[in-house]
Amino acid sequence: MSVNNNQPITAQLVADHGLSEDEYARIVDLTGREPSFTELGIWSAMWNEHCSYKSSKKWLKTLPTEGPQVVYGPGENAGVVDIGDGDVVVFKMESHNHPSYIEPYQGAATGVGGILRDVFTMGARPIAAMNALRFGAPDHPKTRHLVSGVVAGVGGYGNSFGVPTVGGEVNFHERYNGNILVNAFAAGIAKADAIYISKAEGVGLPIVYLGAKTGRDGVGGATMASAEFDESIDEKRPTVQVGDPFTEKCLLEACLELMDTGAVIAIQDMGAAGLTCSAVEMGAKGDLGIRLDLDKVPVRENDMSAYEMMLSESQERMLMVLRPELEAQAKSIFEKWDLDFAIIGETTSDLRFSVHHQDEEVANLPIKQLGDEAPEYDRPWLEPGQHSPEPPHLFAPPSDYNAALLWLVGSPDLASRQWVWEQYDTLIQGNTLQLPGGNAGVVRVEGHETKALAFSCDVTPRYVEADPREGGKQAVAECYRNLIAAGAVPLAATDNLNFGNPEKPEIMGQLVAAISGIGEACEALNMPIVSGNVSLYNETSNADGSGDAILPTPAIAAVGLIEDHALMARMDTAQENDAIFLVGTEATHLARSLYQREILQSESGPAPSVDLLTEKYRGEFVLSAIRGGYASACHDISDGGLAVALAEMCMASGIGAECTIEVTYPHAALFGEDQSRYLITVKDKWTNMFAANCEGSSVFFSKIGHMRGDRLIINDLIDTPIESLKQAHESWFPDFMNGPTSSSE
Amino acid sequence: MAAKSFSARVTVTLKRGVLDPQGKATQSALGSLGFEGVGSVRQGKIFDVELTASSKKGAKEALESMCEKLLANTVIEDYDVVVE
Amino acid sequence: MAAKSFSARVTVTLKRGVLDPQGKATQSALGSLGFEGVGSVRQGKIFDVELTASSKKGAKEALESMCEKLLANTVIEDYDVVVE
Amino acid sequence: MKACVVLFPGSNRDRDMIAALTSVAGEPPHLAWHKDTALPDCDLIVLPGGFSHGDYLRSGAIAARAPVMNAVAEAAQRGVRVLGVCNGFQILTEAGLLPGALMRNAGLKFVCCEVLLSVANADNPFTAKYAQDEIIHCPVAHHDGNYFADTKTLKRLEDNGLVAFRYAQDTNPNGSVNDIAGIFNDEGNVLGMMPHPENLIEPAHDGTDGRRLFEAALNVVEMAA
Ligand SMILES: Nc1ncnc2c1ncn2[C@@H]1O[C@H](COP(=O)(O)OP(=O)(O)O)[C@@H](O)[C@H]1O
Ligand SMILES: [Mg+2]
């Protein structure tokens, strides 16, 4: 054995496990004695920020999580939402930030693997994936290496597993220089009556280990995910895990086959803190004890200690409670797929978590306390400060509007992401109706004539930085808008809250305010949060001990339902001579816009605010217009404002536009990022009827022009060939990635 | 100093303990093909590099630096350089 | 005959004349990293195999047969077996 | 005519293929498992796309040595039509049922995009429903689609009309020699191709150009709706 279980527990050892003195005192109290070394590992894994949500739990509880459509909200491996006809959609988003910074390919790959497992553990076949990525400044020496590795890793895993990647986000900002974010989303479809959860039921039933063998991968990984980065990063390297998408694909097929036999009572994937977390969770949720015999665990390395086996984060593994009479049948399925199947323990009635290894009981702990009594902190927090309004006249207009627009559409945050998503299989399964690059990814519901699901993920970190509450609202609202613009009814959302060190009151304040904004928006827009993930301590520590936090980044992903995909909307289908309508009013808000950042080189002022009633009202109007068949194309207005949205629509449709808009402050009207606005193109013959509809429902609108020609023309301000816009839009990413290889480390 | 030509082989292998799905798949395929007695297979990479350098030592140093910067992923891989 | 354990390294390289996109890309990446004098890079694979066999010769023969049957694609690759 | 789809662990466009064949033939295909030693009676054997055995050794290498491949080879010998798409093409070359090899894409990256294909030989049971030199569009999605063959083999392919499809109008996504996207064996009853006609079957796929390949291969007379 590499580490003796009788090793004395020193203060240093406790600290190395990321436990505070108070926490340790509580552990001794709950254990009833000093913990053994293995027990210390188990406590630390369960009480880790990553598993216990000890800093965020209090606030997460305030999020709206219920609704008639919600079958299972937070607390399960993934959220489950009813889509009618006996079908449910199962989805979640999760971060793999730190591992991806250390080893971009494998970090991103195993992130995708983990989220796919969360979805199929519940009995759903994954049908769509997205990835939200934030990197440092493009000119930072590490950025290109990280982009290249992360994108290859996301693709490497998802493509081989066989799930279409239908959307995502990529942002660049210097505040991610030392801490990139890799948030992966997956969704699957299942029958409502065939959902599996982790709550064990029944005493004396076999606990079965499924999937790949256990190695020393990522021992201490969950601890790492919650620690700030510092110079000792090199020593943490061996904790990187390698993904095996092939094994995961076999595991998917084997699990779905297994579930069909009725052999599964409860099932849980082994994610962070592997065997420990999954076993404790199954027992604690079911009010049962668990006894494990580690000598039965399939291992791929010699001399593994109990500690290592309990904390290993080897990928592609599951734990389940089996109906014993179906053991032979269950086993034969796993043999068919060449996967391990081993009975490694049983459920008990004594509410103890008892772990045996080489004739020794290496742990015996109260399972409920392990699972449920993790400390919960009400960390001090500071209400974020408010910026005073910055009216448009405070912002310099561009010297050349055409140049400004060209610059914007070719800037790092707005340039086409085709370089990224061409590395992802977007078509596999044959159900993809809208690829990345549109408003939302759209996938047909297999076996259903007309139904489809739309997916989007969004957050604008620069807004959240300026105003965490408005920024949180805006993330939900933009997601809502993207789904609406595809013709989908938003159903529910998942969140991935990426923040800095919560022990700092100002960071905790960002988290608290963002959650409150998210909650408010989800409530108003009827998009309950059904699953999520929190990633804290995203900071790089400096020599003097201070830390630089990332931009606060609460990513939101949501799913919408399209009842009839013949009536969905796209942004690339506008036709020559279609009239263009703006739903919403003239823009005036330039603070925190991309115009401010890219053209004026500054980031200041308040974020644009979202009026949730207006958001909902306009959203419902746009949806009804799409469903009424009026919209030949539709696009929401977001980063870069009206001019960029028009340019995107023209580029996608391959047609120019001639527009006349009302302008009080031209640069604000063109580039302002006021919220809750859409562009809709309408066949010329229906414009009067459409305008009458707008008036009838008293939504603010204006007819701003027509799709025609091969140039984008707006008043006397913009007159640019679509070809030039396309050139700028499409060349930035490949040029950036093909540029001179910088020394990566 | 005049530059000379050298042939070198760089061998990159996975660090001990790192999962090797390639090796695993290959091992089990060998088993299915009826090869017996194969205890383990670990897969690695080689780079055969032709380069000019002022000396053998210089060539080796350059190659080591290439490994650190590009050829090996030192988070999960070890490397070895042999200059002929 | 008692079976003994052997460690072997199988090296698989692309045949001369077969284009090596990975090697070429690596070479150009080395160039952009500022490494000078790299004339060519060819990429190959190794398999470190632990196996039991009755003799060193038997081990080598078994490995050669593994190469023919699986480890190398002899349409485009050559192989070499070294038993320790 | 009846089709049979051969499944390997790691196949992942099998469901797409089954759906396509079902849609064209009006009935689902037979299924065979990589460990099977015999195939059900059928007129078209299809090896679908994916990452069989993770493609860990070389794409298609391990699958090509699966027990079922003896049965596939034997059927091909008898003149049964065999279609390998993407990973299926890689498996057929690794198994020696088609010449050459599929190497890493010249760009070294996985690529999923739409390409244009020209039908290089329409005088074949698989391509009979296309016009000679017709240009169709078709998606690709692969990491190892860079077709390579030695000069002699290449000459034989070209001289005997064994190139089935070529990437057209500068859409070669992987660096394949002579823009080769798909090839026949000498007898013309085995076709391997990198692009995915099974993802181009119904209007929702944004085109139905892939349908005709299956209609021809299955001797479906009527163009199904
Ligand atoms: N990492 C990625 N993977 C897949 N698709 C992406 C990725 N990043 C961006 N996209 C796609 O590119 C398009 C533009 O992204 P973004 O500007 O964030 O969209 P929006 O402003 O509509 O939210 C979207 O369709 C999005 O799904
Ligand atoms: Mg967005």
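*Asks:* Explain the overall build of chain A to me, please; I cannot follow it from the model alone.
*Replies:* Of the regular secondary structure elements, chain A holds 25 helices and 28 strands. Relative to a compact globule of 745 residues, whose C-alpha radius of gyration would be 27 Å, chain A shows 26 Å and is just as compact. Its C-alpha atoms put chain A at 85 × 60 × 45 Å along the principal axes. Among the 745 residues that make up chain A, the fraction classed as buried is 66%. Here chain A has roughly 24,200 Å² of accessible surface; of this, 49% comes from carbon and sulfur atoms. Seen as two clouds, the 52 positive and the 104 negative side-chain charges of chain A have centres 3 Å apart.

*Asks:* Can you help me understand the packing of helix H15 (residues 401–409) of chain A against helix H25 (residues 722–738) of chain A in this one?
*Replies:* Geometrically, a packed helix pair is captured by the angle between its two axes and the distance between the axes. Residues and elements named next belong to chain A. Two elements in contact, H15 and H25, have axes separated by 7 Å at closest approach and are oriented at 40 degrees. Residues Leu405, Leu406 and Val409 of H15 form the contact with H25, whose participating residues are Ser724, Leu725, Ala728 and His729. For the contact of H15 with H25, the residue count by class is 5 nonpolar, 2 polar and no charged.

*Asks:* In this structure, what is going on with the site of ligand 1? I would like to understand it.
*Replies:* All names here are of chain A. Near ligand 1, the surroundings consist of 17 residues, among which Asn131, Gly168, Gly437, Gly438 and Asp458 are the closest. Taking Gly168, its main chain carries an N or O atom lying 3.1 Å from an oxygen atom of ligand 1. Starting from 550 Å² of accessible surface for ligand 1 in isolation, the protein chains cover 87%. Counting only elements with at least two residues in the shell around ligand 1, the list comes to strand S4 (125–135), strand S5 (165–172), helix H16 (418–421) and helix H18 (468–485). With 4 residues, S5 is the single largest residue contributor to the shell around ligand 1. The class makeup of the residues in the shell around ligand 1 is 6 nonpolar, 7 polar and 4 charged.

*Asks:* Would you explain the interface of chain B and chain C in this entry?
*Replies:* Where the parts come together, the accessible area they lose is often given as the size of the interface. Contacts between chain B and chain C engage 31 residues on the former and 31 residues on the latter. In this assembly, chain B packs against chain C so that about 2,500 Å² is buried in total across both faces, 68% of it on carbon and sulfur atoms. Seen at the junction of chain B and chain C, the total is 0 salt bridges. Counting across the chain B and chain C interface gives 10 residue pairs in polar contact (both at pLDDT 80 or more). For the side of chain B that touches chain C, the secondary structure elements donating two or more residues are strand S1 (4–14), helix H1 (21–32), strand S2 (38–53) and helix H2 (56–71) of chain B. Per-element accounting of the side of chain B that touches chain C gives the leading share, 15 residues, to S2(B). Taken together, the residues of the side of chain B that touches chain C sort by class into 14 nonpolar, 10 polar and 7 charged. Alignment of S2(B) against strand S2 (residues 38–53) of chain C, held across 13 bridges, turns out to be antiparallel.

*Asks:* How should I be thinking about the pattern of salt bridges in this particular structure?
*Replies:* One side chain can pair with another of opposite charge once the charged atoms of both are near each other. According to the stated counting rule, one finds 63 salt bridges over all chains in the structure shown. Its salt-bridge partner being Asp572(A), residue Arg570(A) comes within 2.9 Å of it at the nearest N-O pair. For Arg570(A), a relative accessible area of 25% puts it in the partly exposed group. By relative accessible area, which is 30% here, Asp572(A) ends up partly exposed. The partner of Arg212(D) in a salt bridge is Asp209(D), with the nearest N and O atoms 3.4 Å apart.

*Asks:* Please explain the interface of chain C and chain D as it appears in this structure.
*Replies:* Each partner contributes residues to the interface: chain C has 17 residues there, and chain D has 15 residues. Across the contact surface, chain C and chain D share 1 salt bridge. Among the ionic pairs, Arg58(D) bridges to Glu77(C), the shortest N-O distance being 3.7 Å. Scanning the region where chain C abuts chain D turns up 5 residue pairs in polar contact (both at pLDDT 80 or more). For the side of chain C that touches chain D, the elements supplying multiple residues, two or more each, are helix H1 (21–32), S2 and helix H2 (56–71) of chain C. Tallied by class, residues from the side of chain C that touches chain D come to 11 nonpolar, 3 polar and 3 charged.

The rules behind the values
Residues numbered from 1 in each chain as written. Chains lettered and ligands numbered in written order. Predicted model: local features only at pLDDT ≥ 70, side-chain atom pairs only at ≥ 80, totals over all residues. Heavy atoms only, no water. Helix = DSSP H or I, 4+ residues; strand = E, 2+ residues; numbered from the N terminus. Rg over C-alpha atoms; globule rule 2.2 N^0.38 Å. Buried < 20%, exposed > 50% of the residue type's maximum accessible area, 1.4 Å probe, protein only. Areas by Shrake-Rupley, 256 points an atom, 1.4 Å probe, with all protein chains shown as cover. Lys, Arg positive; Asp, Glu negative; His and termini not counted. Charge placed at Lys NZ, Arg CZ, Asp CG, Glu CD. Axes fitted to C-alpha atoms, helices over the stretch in contact; angles between N-to-C directions. Contact = heavy atoms within 4.5 Å. Nonpolar A, V, L, I, M, F, W, Y, C, P; charged D, E, K, R; others polar. Near = heavy atom within 4 Å. Polar contact = N/O pair within 3.5 Å; in protein donor to acceptor, adjacent residues only side chain to side chain. Buried area = accessible area lost by both parts, 1.4 Å probe. Salt bridge = Lys/Arg side-chain N within 4 Å of Asp/Glu carboxyl O. Pairing = 2+ DSSP bridges.

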